[in-house]
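Read off the chains here:
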Amino acid sequence: MRERREVDLRLAGKTIINQLGVVLRTGQIHDIDNVAVMDAVDKFIRLVNPVIEAEGLLKIDVIGEFFYINDSRVRYPLEYMLNFDYLLREFQRRELGTVVFGARLETDEIKTFLRVFMSSAYSGTPYEAMEASLEECTNIRIDRLKKITEDGDMDQKKIVKKTYFNAVSFTESVMNRVKAGEKVNMKVAKRVVESMVDLILSEEQLLVGMTAIKDYDEYTYHHSVNVSVLSIAMGQKIGLSRKALTELGLVALFHDIGKMEIPKEILNKPSAFTEEEWSIIRRHPYLGARVLLKLKGFDRTSIRSAVVAFEHHLHYDYSGYPEVRNPVKLDFYTRIITIADQYDAMTSSRVYARVPLAPDRALRIIMERSGSELDPVLCKFFTNMIGVYPVGSLVLLDTREMGLVYECNPLFADRPRVMIIVDGNGRMTEGIIADLTERDTEGRYLKSIVKTLDPNRYRLNLAKYLL
Amino acid sequence: MTHAQEVKEIIQALVKAKKNLRIYPENNPVYARIVDDIHSRITSVLEYTGELSLKIRQHDIFFDGESVYHGDGKEENLALFFFKDGVRELTFNKGLPRNEMEDFLGILAVDFDREALDDDIVTLMWEKDFRFIHYMVDDSILLEDETYEERAVEEAKKASQDNEGILQAYREASSIEAGPVTHVIPITDADLDHMIREIEEDTDDKSIKLIHLLFEMLSQVGDTAEYGELAGFIGSALDFAVRHGNLDAAVYTLERIDEETAGDDCENEVRARLEDLKRFMCSEDFVSGIAEVLDEGTEFDEALLQRFASLLDSDAIPSFIHVLGELRSAQARRAVISILSELGRKDIQSVARGLQDRRWYVVRNIICILRQIGDATAVEHLVRAVRHPDKRVKKEAIRTLGVMGTADVLHVLNECISDEDELVRLTAVRAVGLIGTPLSKKILLDRVADRGFRDKTFNEKREFFEVLSRWRDDDVVALMIRALKRRTIFKRAKNTETRAAAAHGLGMTGSADALEPLMKLKNAKNRLLRDNVQAAIKRITGEREKRS
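What counts, and at which threshold
- Residues numbered from 1 in each chain as written.
- Chains lettered and ligands numbered in written order.
- Predicted model: local features only at pLDDT ≥ 70, side-chain atom pairs only at ≥ 80, totals over all residues.
- Helix = DSSP H or I, 4+ residues; strand = E, 2+ residues; numbered from the N terminus.
- Rg over C-alpha atoms; globule rule 2.2 N^0.38 Å.
- Contact = placed C-beta atoms within 7 Å.
- Buried ≥ 20, exposed ≤ 12 C-beta atoms within 10 Å, placed from the backbone.
- Pairing = 2+ DSSP bridges.
- Nonpolar A, V, L, I, M, F, W, Y, C, P; charged D, E, K, R; others polar.
- Domains from an automatic or database assignment.
- Axes fitted to C-alpha atoms, helices over the stretch in contact; angles between N-to-C directions.
- Parallel < 35°, antiparallel > 145°, perpendicular 65-115°, else oblique.
- Left-handed = near helix turned anticlockwise from the far one by under 90°.
- pLDDT = per-residue confidence, 0-100.
- Core = buried A, V, L, I, M, F, W, Y, C linked by C-beta atoms within 7 Å.

Across its full length, chain B holds 28 helices and 5 strands. Since a compact globule built from 548 residues should have a radius of gyration of about 24 Å, the 39 Å found for chain B marks it as more spread out than a globular shape. When its C-alpha atoms are laid out on the principal axes, chain B stretches across 130 × 80 × 50 Å. Sequence-distant contacts in chain B: of pairs separated by 6 or more residues, those separated by 24 or more amount to 69%.

In structure tokens, the structure reads:
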């Protein structure tokens, strides 16, 4: 019985969260006694009560960007994404972190919860309003959203940094081995990517943030890892499984491997390329596919890696290179990786393009290319993931403070977490983190972005702040 | 018993399970018993400890600071098994379900020395996404350069500017015009549906896509030596695809080879390499890959098999004949027979050579294939197969000659009617009837008229009359009536059998002339005769009623 129950809880979690989203969304549109609302409430109760009976209670927690049911992280399929995002946003708006249903639920109890939840939206202090209104309801207990502590942040950041640099170090060794014609250990490659996938699932923003730092000498290795990180993050956004994310991450890591076959003097040439040099550079997708097929025996990953390496500059509308005689639809992973590749390349300083673009400018270009060079639907997912102000954007706030975007907020694309580097009086500061979703007692935002600046114009070293 | 003692026993059970689970398949009761035993041992400890945490070192496993396992060697060392991939701590938690335990034991039983896996223990555990088994891993074993992070961070920070750049940015910020803001377009239900479709359509096997790109790459080579390499890649991708049940990849490749080599603009070197590739697709090595997946139960659409065979060269025939004898499942044999039946149309002689195969069942299948092809040039080979020592082959050859043969083979079939095996004789009688020429009729009539005919079994005699009944000629009916009426003093029982068989034959002719003599015998004392007569009367009258 125990075994069965565990399996059911795992499966039920996503349905319960989704249904709670449905209840609240329906309650927002209709009167609480409307048939549609009642149907949604009844369905929610039917889902929840068996779990309460089996587990003794049902606890819903929001930690970071994830829901937990009875301490188990809920993974959700793509089709539930809108309800999950909605629910997360509404919980965060009310600073609601936990809801506990202590015993079997009755319809009236859920109706009370729904009413309290809806009305709290009009309060300047929604959490307190909810807490007071639910005092009489002994079966439902709530708790405030816990802020992730800075200490915890620091520990996580260390892990994120370690994982990121492990990946870069590994990529460097792979590329060197390829060049030397040596074997590559795919077991290690998988382990490296699995670590990145784990971090994307738990600390997406921190790892994506690492890709914003571009002050390294070895562009190719960092670029490969950045493309892998951005692709995995995008894959997670569109609902790929963990296993698929690993494959996507691996494929992305090797997308530029053909560059190892290009003479270094061309690759590192500081001045503009001649037409002949360009034609050699343009061979790297072809060379990459060959290298990957020689690397090891044929399996699903090596085949897909070769496909993506060949296609990653072809473009959605086939306007890129190499020229092909019979174009067929680009591979799904190619279309993801191409976006990550273009974004990272644009925001990086390369030998042949010394001045990188500001992240928000690069994002605008991505959107301009949507539907032509890039898959339009995937572009939407990418911009939603990266936010209006990508990590590394230099921003001026309405408080006359200046800061660097430190972390995006996937639920409020224009309200990231910002590291303040100059205070309102024009003095350098220690880098306090401001969450732009914070509001005053009257519900007004404390700080908002008024404009962005180009960090490259002022040769800002992001590593100093973000590493 | 102390906790440590119990844990020691669990570890010993794990060591045994590691070996034993390799021996038994997952559906074997012994396998299930091993899983149950370890699961119940661990859950009973977890019942009062809540968790069971094991520290892993190179040669030891520790529980609660005490060594509960020690292994010195490299082989069979459970501690090293985990340690070498970086596992440093393994924790089982209360609530551990049986399926999770079974998955864990499945990983424990993997023989990494024998199986060429790209996954280590950590990856295998990671993919299972355990909820009740946690592990701590030391990733530093993956690193070749442990100081990389330190150096990279230092180097990146070294490039740091003084504060002037930042302050300049601040000073200029108010005067700089705000640039356009990229608006994030919300993701709609339609976008989600689109993405779900994309994920669903995103098949695991990208072989066809790769093969397509490799054909593209053929037109982009920088050095002619690369042609061979690319063709080799196509071959490997194809081999991979086919071994994973993707026959479409083979069809696609053959179509592309034909397309590429059809034009005059195809370079000689490319043509030569593609022809090599086509030859590879005819090889026993490649064909055995197809055979393996067929034997594993993969089913291919008949039209796909036909298309595949129609594109292949006849050089593949010997390879397919070879694998035909190796296949274990009937379904797989049917598929290969289908391929050979199509392929054989291009070269009947190559298929016929299969009649020389030492395996009788292969020869029988080849005869079936020749029958399906229906090419008259195969008859001469079939005539030889009639003399095959195995009677199963013989029967198949005789039957096929009946279907395909002409009057030329009747003398061979006539010989077979004298075969010592009754089933062979019966098949030969039917085959002669199928050929249906006047000579066929004469052979059968002569046999019936022969003195020895009386001594045959009832079955055989009935077969003769039944086959003869296809000629509804007067002489046939007259002969049967004579046989029906014949009375003898000696061997009466045998004669009655002949009469009963003749009655059966008359019934099959539907002849009205037979009714009168049949009616006279409808109450015959002998049951065999009576039953056959009554059945014949019923058949004739029934037919007549139907006609009227």
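We now examine the pairing of strand β2 (residues 66-69) of chain A. Residue and element names in this part refer to chain A. Burial along β2 is one-sided: Phe-67 and Ile-69 are buried, while Phe-66 and Tyr-68, pointing the other way, are not. Here strand β1 (residues 58-63) hands over to β2 after 2 residues, with Gly-64 in that stretch at a positive phi of 65°. Where β2 meets strand β3 (residues 72-73), 2 bridges bridge the pair, whose relative direction is antiparallel. If you follow Ile-69 over to β3, its bridge partner there is Ser-72. Where β2 folds back onto β3 in an antiparallel hairpin, the turn is made up of 2 residues, including Asn-70, whose phi is positive at roughly 45°.

Attention now moves to the environment of Lys55(B). Residue and element names in this part refer to chain B. Its place among the elements puts Lys-55 in strand β1 (residues 51-56). Each C-alpha atom, one on Lys-55 and one on Arg-88, is 5.9 Å from the other, the two residues being 33 residues apart in sequence. If sequence neighbours within four positions are ignored, Lys-55 has contacts with Phe-62 and Glu-89.

Before going further, it helps to examine the interface of chain A and chain B. At the interface, 80 residues of chain A touch 68 residues of chain B. Of the residues contributing to the side of chain A that touches chain B, the split by class is 44 nonpolar, 11 polar and 25 charged.

Residues and elements named next belong to chain A. Spatially, the 5 strands line up as an open sheet ordered β3-β2-β1-β4-β5, and their pairing is antiparallel. Both outer strands of the open sheet, β3 and β5 (140-144), are each paired with one neighbouring strand and no more. As paired elements, β1 and strand β4 (residues 96-101) share 4 bridges and run antiparallel to each other. For Ile-60, the partnering residue across the bridge sits in β4 and is Val-99.

The set of residues buried in helix α5 (residues 121-128) of chain B consists of Ile121(B), Val122(B), Thr123(B), Met125(B) and Trp126(B). In this fold, the buried residues of α5(B) make contact with α7 (186-210) of chain A together with α3 (78-83), β4 (87-93), α4 (98-108) and β5 (133-137) of chain B. Just downstream of α5(B) lies Asp129(B), where phi reads positive at about 55°.

What follows covers the domain arrangement of chain B. What the domain assignment reports for chain B is domain 1 (3-142) and domain 2 (203-346). When each unit is reduced to the centre of its C-alpha atoms, the spacing between domain 1 of chain B and domain 2 of chain B is 43 Å.

What follows concerns the sheet that holds strand β2 (residues 60-63) of chain B. Residue and element names in this part refer to chain B. One open sheet holds the 5 strands; their spatial order is β3-β2-β1-β4-β5, and the pairing between them is antiparallel. The open sheet has two free edges, formed respectively by β3 (66-70) and β5, since each of these has just one partner strand. Between one strand axis and the next, the sheet turns through 25° on average, direction left out of account. For β2 and β3, the ladder comprises 4 bridges, and the chain directions are antiparallel. Paired with Phe-62 across the bridge in β3 is Ser-67.

It is worth spelling out the packing of helix α14 (residues 302-311) of chain B against helix α16 (residues 330-343) of chain B at this point. Residue and element names in this part refer to chain B. Contact pair α14 / α16: the axes reach a minimum separation of 8 Å and the direction vectors enclose 40°. In terms of orientation, α14 lies oblique with respect to α16. α14 and α16 meet at a crossing whose hand is right-handed. When α14 is examined against α16, the residues Glu-302, Leu-305, Gln-306, Phe-308, Ala-309 and Ser-310 are found in contact with a partner set consisting of Ala-335, Ser-338, Ile-339, Glu-342 and Leu-343. For the contact of α14 with α16, the residue count by class is 6 nonpolar, 3 polar and 2 charged.

Glancing now at the pairing of β4(A). Here β4(A) runs beside β5(A); their pairing, made up of 5 bridges, is antiparallel. Note that in β5(A) the partner of Val100(A) across the bridge is Arg141(A).

Residue and element names in this part refer to chain A. Position of Gly-56 among the secondary structure elements: in the loop between α2 (35-55) and β1. Judged by local crowding, Gly-56 falls into the exposed class, with 10 C-beta atoms found within 10 Å. Taking the C-alpha atoms as reference points, Gly-56 and Phe-101, 45 residues apart in sequence, are found 9.3 Å from one another.

For any part of a model where pLDDT is low, the fine detail of the predicted coordinates should not be relied upon. All names here are of chain A. Averaged over all residues, the pLDDT of chain A is 87; the fraction at 70 or higher stands at 95%. Mean pLDDT per element in chain A: helix α1 (residues 2-29) is the minimum at 75, and helix α14 (residues 332-346) is the maximum at 96. In this model, residues 1-7 is a region of pLDDT below 50 whose contacts with residues beyond four sequence positions or in other chains number 8 contacts.

What follows covers the environment of Leu114(A). All names here are of chain A. Checked against the element boundaries, Leu-114 lands in helix α4 (residues 107-120). Between the alpha carbons of Leu-114 and Leu-20 there is a distance of 9.8 Å; along the sequence they are 94 residues apart. Aside from chain neighbours lying at most four places away, what touches Leu-114 is Val-23, Leu-24, Gly-27 and Ile-32.

Let's shift gears to the domain arrangement of chain A. Segmentation of chain A into domains returns domain 1 (2-144), domain 2 (150-386) and domain 3 (394-466). Relative placement of domain 1 of chain A and domain 2 of chain A: their C-alpha centres are 39 Å apart.

It is worth spelling out the nonpolar core at this point. Across soluble globular proteins, nonpolar side chains have a tendency to be buried as a group. Ranked by size, the top nonpolar core spans 218 residues in total, and within it Leu214(B), Ala237(B), Phe320(B) and Val336(B) carry the most contacts. With 13 residues, α7(A) is the largest single contributor of residues to this core. Ranked by size, the runner-up nonpolar core spans 34 residues in total, among them Ile16(A), Val48(A), Ile110(A) and Leu134(A).

Before going further, it helps to spend a moment on the packing of helix α24 (residues 458-468) of chain B against helix α26 (residues 492-509) of chain B. Residue and element names in this part refer to chain B. Contact pair α24 / α26: the axes reach a minimum separation of 8 Å and the direction vectors enclose 30°. The pairing of α24 with α26 is recorded here as roughly parallel in orientation. Crossing geometry of α24 relative to α26 is assigned as right-handed. For the pair α24 and α26, contact is made by Phe-458, Lys-461, Arg-462, Phe-465, Glu-466 and Leu-468 and by Glu-497, Thr-498, Ala-500, Ala-501, Ala-502, His-504, Gly-505 and Met-508, respectively. A per-class count over the contact of α24 with α26 returns 7 nonpolar, 3 polar and 4 charged.

Residues and elements named next belong to chain A. Buried within helix α15 (residues 359-369) are the following residues: Pro-359, Asp-360, Ala-362, Leu-363, Ile-366 and Arg-369. In this structure, the buried residues of α15 make contact with α14, α16 (376-386) and β10 (449-453). After α15 finishes, the residue Gly-371 shows a positive phi value of roughly 95°.

All names here are of chain A. Cis geometry is found at the peptide bond from Tyr-321 to Pro-322, where omega equals -5°. Counting through the fold element by element, Pro-322 comes out in the loop between α13 (300-311) and α14. We note that His-315 has phi near 80°; this positive angle belongs to a residue other than glycine. Take His-315: it is sitting in the loop between α13 and α14.

Okay, the confidence of the model for chain B next. Across chain B, the average pLDDT comes to 91, with 99% of residues at or above 70. Listed scores for the predicted complex are pTM 0.79 and ipTM 0.79.

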